[in-house]
Amino acid sequence: MSRRWRARAACVAAAVLGAGLLSTGSAQASVFPCNVSGHVINCTSVTGIDPGSYLQVRQGPGYGYPNQWGWPRLNNGDRVGLACWTTGDGAADNSGYRYWMRIDNGIAFGYVNDWYLSTGGPGSWQQIIRQC
């Protein structure tokens, strides 16, 4: 590979990364694009889970709903695709925070309370994530 071609490829990669098209995101990121089953959708990361604990994906927006099949237990730093948002039960750590995200892993949908996601809160995502 020529030096000129490598330099051009590096510039294109830097431009794509700068635009966020290939961004992997981080726990500090709010909402970022990622690939889920061949489609680019909005994603975020799990955060705020106590050590030794995990976030369970539910069939609906509340803790009374059964666990959703097709989902592993989620830990801090795990990425999830964001399909839409709704309201439901308050978070276990903040009963007044009632926003839930319908998440997508390319196999199944499920719900988690947004309190445990690094979306930045409703002021950050309500313009880009549709309501269910």
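- Per an unreviewed UniProt entry, the protein chain is named SH3 domain-containing protein, and its organism is Streptomyces iakyrus.

1. Some thoughts on the packing of aromatic side chains
Stage number 1. Using the criterion set out here, one finds 6 aromatic pairs in the structure.
Stage number 2. Aromatic side chains Tyr-97 and Tyr-99 sit 5.4 Å apart centroid to centroid with 65 degrees between the ring planes, which places their arrangement in the edge-to-face category.
Stage number 3. Residue Tyr-97 is classed as buried on the basis of its relative accessible area, which comes to 14%.
Stage number 4. Ring centres 5.5 Å apart and planes at 80 degrees place the aromatic pair Tyr-99 and Trp-125 in the edge-to-face group. Taken together, the residues span a long stretch of sequence, with Tyr-99 in strand β4 (residues 99-104) and Trp-125 in helix α2 (residues 122-125) at a distance of 26 residues.
Stage number 5. A relative accessible area of 0% means that Trp-125 is categorised as buried.

2. Focus: the sheet that holds strand β5 (residues 109-113)
Stage number 1. With antiparallel pairing, the 5 strands of this open sheet are ordered in space as β1-β2-β3-β4-β5. If you trace the sheet from one side to the other, it starts and ends with β1 (32-36) and β5, each paired once. The average angle at which neighbouring strand axes cross in this sheet is 55 degrees, direction not considered.
Stage number 2. For β4 and β5, the ladder comprises 5 bridges, and the chain directions are antiparallel. Paired with Met-101 across the two strands is Val-112, which belongs to β5.

3. Brief notes about the state of the cysteines
Stage number 1. Under the counting rule described, the total for this entry stands at 2 disulfides.
Stage number 2. Here Cys-34 engages in a disulfide with Cys-43; their sulfurs sit 1.7 Å apart. Comparing Cys-34 with Cys-43 shows no difference in burial state: the two are buried.
Stage number 3. Linked covalently through their sulfurs, Cys-84 and Cys-132 form a disulfide whose S-S length is 1.9 Å. The disulfide joining Cys-84 to Cys-132 has a torsion of about 95 degrees about its S-S bond and is therefore right-handed.

4. Observations concerning the layout of surface pockets
Stage number 1. Taken as a whole, the largest pocket spans an internal volume of roughly 220 Å³.
Stage number 2. What lines the largest pocket is a set of 15 residues, among which Ile-49, Ser-53, Tyr-54, Leu-55 and Tyr-116 lie closest to the centre.
Stage number 3. For the lining of the largest pocket, the residue count by class is 8 nonpolar, 4 polar and 3 charged.

5. Observations regarding the side chain of Asn-113
Stage number 1. Take Asn-113: it is sitting in strand β5.
Stage number 2. On the basis of relative accessibility, which here comes to 1%, the residue Asn-113 falls in the buried class.
Stage number 3. A distance of 3.3 Å separates the side chain of Asn-113 from the backbone oxygen of Asp-89, its partner in a polar contact.
Stage number 4. Setting aside its immediate chain neighbours within four residues, Asn-113 contacts Tyr-63, Asp-89, Gly-90, Ala-91, Tyr-97, Tyr-99 and Trp-100.

6. A look at the nonpolar core
Stage number 1. Membership of the largest hydrophobic core comes to 19 residues, with the highest contact counts inside it found for Leu-74, Val-80, Met-101 and Ile-103.
Stage number 2. Only β3 (79-87) and β4 provide two or more residues apiece to this core.
Stage number 3. In terms of residues, this core owes the most to one element, β3, which gives 3 residues.
Stage number 4. The contacts of Met-101, once residues within four sequence positions are left out, are Leu-82, Cys-84, Trp-85, Gly-110, Tyr-111, Val-112, Asp-114, Leu-117, Thr-119, Trp-125 and Ile-129.

Procedures and definitions
- Residues numbered from 1 in each chain as written.
- Predicted model: local features only at pLDDT ≥ 70, side-chain atom pairs only at ≥ 80, totals over all residues.
- Heavy atoms only, no water.
- Phe/Tyr/Trp six-rings, centres within 6.5 Å; stacked < 30°, edge-to-face > 60°.
- Buried < 20%, exposed > 50% of the residue type's maximum accessible area, 1.4 Å probe, protein only.
- Helix = DSSP H or I, 4+ residues; strand = E, 2+ residues; numbered from the N terminus.
- Pairing = 2+ DSSP bridges.
- Axes fitted to C-alpha atoms, helices over the stretch in contact; angles between N-to-C directions.
- Disulfide = S-S within 2.5 Å.
- 1 Å grid on protein atoms, 1.4 Å probe; cavity = no way out; pocket = protein on both sides within 12 Å on 5 of 7 lines; lining within 4 Å.
- Points joined across faces, edges and corners; volume = space filled by probe spheres on them.
- Nonpolar A, V, L, I, M, F, W, Y, C, P; charged D, E, K, R; others polar.
- Polar contact = N/O pair within 3.5 Å; in protein donor to acceptor, adjacent residues only side chain to side chain.
- Contact = heavy atoms within 4.5 Å.
- Core = buried A, V, L, I, M, F, W, Y, C linked by side-chain atoms within 4.5 Å.

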